[in-house]
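Remarks on the overall topology
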Amino acid sequence: QVQLVESGGGLVQPGWSLRLSCAASGSIFSIYDMGWYRQAPGKRRELVAAISSGGTTNYADSVKGRFTISRDNAKNTVYLQMSSLKPEDTAAYYCHADIQNTGFIRGDYWGQGTQVTVSS
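Before going into details, it helps to say that this report is about the structure given with it. Counting restarts for each chain, with residues numbered from 1 along the sequence as it is written. Only residues with pLDDT of 70 or above have their local features reported here, since the model is predicted, and side-chain atom pairs are shown and tallied only from 80 upward, although totals for entire chains, interfaces and linings are computed over all residues. Water and hydrogen atoms play no part in the side-chain values, which are based on all heavy atoms of the structure.

**Here we look at the state of the cysteines**
Stated formally: By definition, disulfides here are pairs of cysteine sulfur atoms that lie within 2.5 Å. Going along the chain from the N terminus, every DSSP run of H or I of four or more residues is numbered as a helix, and every run of E of two or more is numbered as a strand. Burial classes: relative accessible area under 20% of the type maximum marks a residue as buried, over 50% as exposed, and values in between as partly exposed (1.4 Å probe, protein chains only).
One pass over the structure, following the stated rule, counts 1 disulfide. Each sulfur of the disulfide joining Cys 22 and Cys 95 lies 2.1 Å from the other. For the disulfide bridge between Cys 22 and Cys 95, the dihedral angle about the S-S bond is near -80°, and by the sign convention the bridge is left-handed. Within this pair, whereas Cys 22 is found in strand β3 (residues 18–26), its partner Cys 95 is found in strand β9 (residues 91–101), the two being separated by 73 residues in sequence. Just as Cys 22 is buried, Cys 95 falls in that class too.

This is the structure we're talking about:
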């Protein structure tokens, strides 16, 4: 079994920063792309940022220059550093990873979600 466990969400004021973490554990052979998605009430889930195993990053236009994704391959962990937060960043944030398990089966895995609320 493979699990993704997120942490770091919360309630912050506009302009503040927040850091999300997501650790993968279990029967992992290899982790490929990792990323963060978000879903606001009444909206579709959207990609926020992604990072390849080699460190290539990709960001949604709405977060470019404010959010930074990084990963620690030794810890099987991906981070999302969010700065200059805006009310429109309010959403449930989900970690995603493309993982090949020890049975050599490759698939998409998701975390349980962590709520980020930006409000004054």
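From this point, the discussion proceeds with the structure in view.
**Quick word on the pairing of strand β1 (residues 2–7)**
Basically, it comes down to this: Two strands qualify as a pair provided DSSP detects at least 2 bridges between them.
Alternating positions in β1 separate cleanly, Val 2, Leu 4 and Glu 6 being buried on one face and Gln 3, Val 5 and Ser 7 remaining unburied on the opposite face. Bridge analysis of β1 against β3 gives 6 bridges, and the strand direction is antiparallel. Within β3, the position partnered with Val 5 by the bridge is Ala 23.

**Describing the pairing of strand β10 (residues 106–110)**
Here 5 bridges tie β9 to β10, and the two strands are oriented antiparallel to one another. Of the residues in β10, the one forming a bridge with Gln 100 is Arg 106. As consecutive antiparallel partners, β9 and β10 are separated by 4 residues, and within that stretch Phe 104 has a phi angle of approximately 65°, a positive value.

**Comments concerning the nonpolar core**
To be explicit about the condition: The term nonpolar core refers to a set of buried residues drawn from Ala, Val, Leu, Ile, Met, Phe, Trp, Tyr and Cys, joined through side-chain atoms within 4.5 Å. What makes two residues a contact is simply this: any of their non-hydrogen atoms within 4.5 Å.
With 31 residues, the main nonpolar core has Trp 36, Leu 80, Met 82 and Tyr 93 as its most contacted residues. For this core, the leading source of residues is β9, giving 5 residues. With sequence-adjacent residues up to four places away left out, Leu 80 is seen in contact with Leu 18, Arg 19, Leu 20, Trp 36, Val 48, Ala 49, Phe 67, Thr 68, Ile 69 and Tyr 93.

**Quick look at the environment of Leu 11**
Structurally, Leu 11 is set in strand β2 (residues 10–12). The exposure class assigned to Leu 11 is exposed, which follows from its relative accessible area of 62%. When the C-alpha positions of Leu 11 and Thr 90 are compared, they lie 9.1 Å apart, and in sequence the two are 79 residues distant.

**Let's talk about the packing of aromatic side chains**
Quick reminder of the rule: In this scheme Phe, Tyr and Trp rings, the latter by its six-membered ring, pair at centre separations within 6.5 Å, and the angle between planes marks the pair as stacked below 30 degrees, edge-to-face above 60, and tilted otherwise. We call a charge positioned over a ring when the NZ of a Lys or the CZ of an Arg lies within 6 Å of the ring centre and within 35 degrees of the ring normal.
Considering all chains together, one arrives at 2 aromatic pairs under this definition. When the ring of Phe 29 is compared with that of Phe 104, the centres are 4.8 Å apart and the planes differ by 65°; the resulting orientation is edge-to-face. Highlighted residues: Phe 29 in strand β4 (residues 28–39) and Phe 104 in the loop between β9 and β10, separated in sequence by 75 residues. Taking the relative accessible area as the measure of exposure, Phe 104 reaches 53% and is therefore exposed. A centroid spacing of 5.0 Å and a plane angle of 65° characterise the contact between Tyr 37 and Trp 110, whose relative ring orientation is edge-to-face. Linking Tyr 37 in strand β4 with Trp 110 in strand β10, this pair joins segments that are 73 residues apart in sequence. A cation sits over an aromatic face here: Arg 45 above Trp 110, 4.8 Å from the ring centre.

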